[in-house]
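Listed here are the chains, written in short residue letters.
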Amino acid sequence: MRTSIAIDGPAGAGKSTIAKLLGKKYDLMYINTGSMYRAVTLFAMKNGIEPNEIEKLCSLIDELEMHFENDDLIVNGVDVSKELTNIEVTNNVSRYAAVPEVRQKLVQLQRGISKNYDVIMDGRDIGTVVLKDASVKIFLTARPEERATRRYEELIAKNVKVDYNSILEDIKKRDYIDSHREVDPLQKAEDAVEVDSSLMNIHEVVEAISKYIEEYKNRA
Ligand code: DC
């Protein structure tokens, strides 16, 4: 049976950093599902397709061949990772991610990958929808203030002018949207282990989650 590790949690909890490290440690393919929603948003916007144009959106997704190479998302042969975090995509992705038909298509793709590879997948609905039978389910959280501080320091280090309070507000707004949308809202799966990283560094979080992965490997 294939190994699948599900990591869900709010924006800025450190899911992708931790999942990449665990992917390397345990030789798992890292699947960043947020970047798949971002890619759909990027290409929909490039083609002038609005979230309510369901048929156009579905045909667009059918034309996007997505796979991951070295943790990066490749769409139709092009590495689009840099474009996926631009501000227009970030500001619009939750509108496209709320469309049930978009979710259905991406969930199908994500399940397909997990059938062919051992994966560590991060997102909002991995343990509850995409990989209900995941080998290990983690719900990674941190207090909003802590997540805002991390984001603030990351941007300051890149010489980007930012305001802490607006980052905090943005994080709280995204939390609300992600956990209150009608389809597949962010919630902890009943059988997920909650890891609160507020007072932990990256190494400590990796160690904490590794413990659950090791337990699974010993059982399997
Ligand atoms: O993790 P992220 O910020 O890159 O996610 C981008 C958006 O996609 C965010 O609005 C939440 C949404 N998302 C989702 O609805 N389901 C997922 N499995 C992953 C992300």
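Residues numbered from 1 in each chain as written. Predicted model: local features only at pLDDT ≥ 70, side-chain atom pairs only at ≥ 80, totals over all residues. Heavy atoms only, no water.

Here's the deal with the packing of helix H2 (residues 33-46) against helix H5 (residues 87-97)
At step 1: It is the contact of H2 with H5, at a shortest axis distance of 8 Å, that shows an interaxial angle of 105 degrees. Classified by the interaxial angle, the pair formed by H2 and H5 is roughly perpendicular. Only Glu 88, Val 89, Thr 90, Asn 92, Val 93, Tyr 96 and Ala 97 of H5 make contact with H2, whose side of the interface consists of Tyr 37, Arg 38, Thr 41, Leu 42, Ala 44 and Met 45.
At step 2: The residue makeup of the contact of H2 with H5, split by class, is eight nonpolar, three polar and two charged. (Axes fitted to C-alpha atoms, helices over the stretch in contact; angles between N-to-C directions. Helix = DSSP H or I, 4+ residues; strand = E, 2+ residues; numbered from the N terminus. Parallel < 35°, antiparallel > 145°, perpendicular 65-115°, else oblique. Contact = heavy atoms within 4.5 Å. Nonpolar A, V, L, I, M, F, W, Y, C, P; charged D, E, K, R; others polar.)

A few points about the side chain of Arg 103
At step 1: Along the polypeptide, Arg 103 turns up in helix H6 (residues 100-116).
At step 2: In terms of polar contacts, Arg 103 uses its side chain to reach the side chain of Tyr 37, at 3.4 Å.
At step 3: Not counting chain neighbours up to four residues away, the residues in contact with Arg 103 comprise Tyr 37, Ala 97, Asp 125, Arg 181, Val 183 and Asp 184. (Polar contact = N/O pair within 3.5 Å; in protein donor to acceptor, adjacent residues only side chain to side chain.)

Quick word on the side chain of Asp 175
At step 1: Inspection of the secondary structure puts Asp 175 in helix H9 (residues 164-180).
At step 2: When its relative accessible area of 16% is taken as the criterion, Asp 175 is described as buried.
At step 3: Once you skip the residues sitting within four places of it in the chain, Asp 175 turns out to touch Pro 10, Ala 11, Pro 144 and Arg 147. (Buried < 20%, exposed > 50% of the residue type's maximum accessible area, 1.4 Å probe, protein only.)

Describing helix H8 (residues 144-157)
At step 1: Taking 1.5 Å as the rise per residue, H8 with 14 residues should run 20 Å; its terminal C-alpha atoms sit 20 Å apart, in good agreement.
At step 2: Along H8, the residues classified as buried are Arg 147, Ala 148 and Leu 155. Projected down its long axis, H8 shows its buried positions confined to an angular sector of 100 degrees, all on one face.
At step 3: Asn 159 lies just past H8 and shows a positive phi near 65 degrees. (Expected span 1.5 Å × (residues − 1). Arc of directions from axis to C-beta.)

Some details on the sheet that holds strand E1 (residues 4-8)
At step 1: The strand order E2-E6-E1-E7-E8 describes an open sheet built from five strands, whose pairing is parallel. The outermost strands of the open sheet, each flanked by one partner alone, are strand E2 (29-32) and strand E8 (193-196). Mean inter-strand twist for the sheet, computed between neighbouring axes without regard to direction, equals 20 degrees.
At step 2: Pairing geometry for E1 and strand E6 (residues 119-123), over five bridges, is parallel. Pairing of Ile 5 across the sheet is with Ile 120, part of E6.
At step 3: Strand contacts of H2: E2 and E6, with the helix running at about 45 degrees to E2, the strand carrying the most contacts.
At step 4: Set on the sheet, helix H10 (residues 202-219) makes contact with E1, strand E7 (136-141) and E8; between it and E7 the angle comes to about 165 degrees. (Pairing = 2+ DSSP bridges.)

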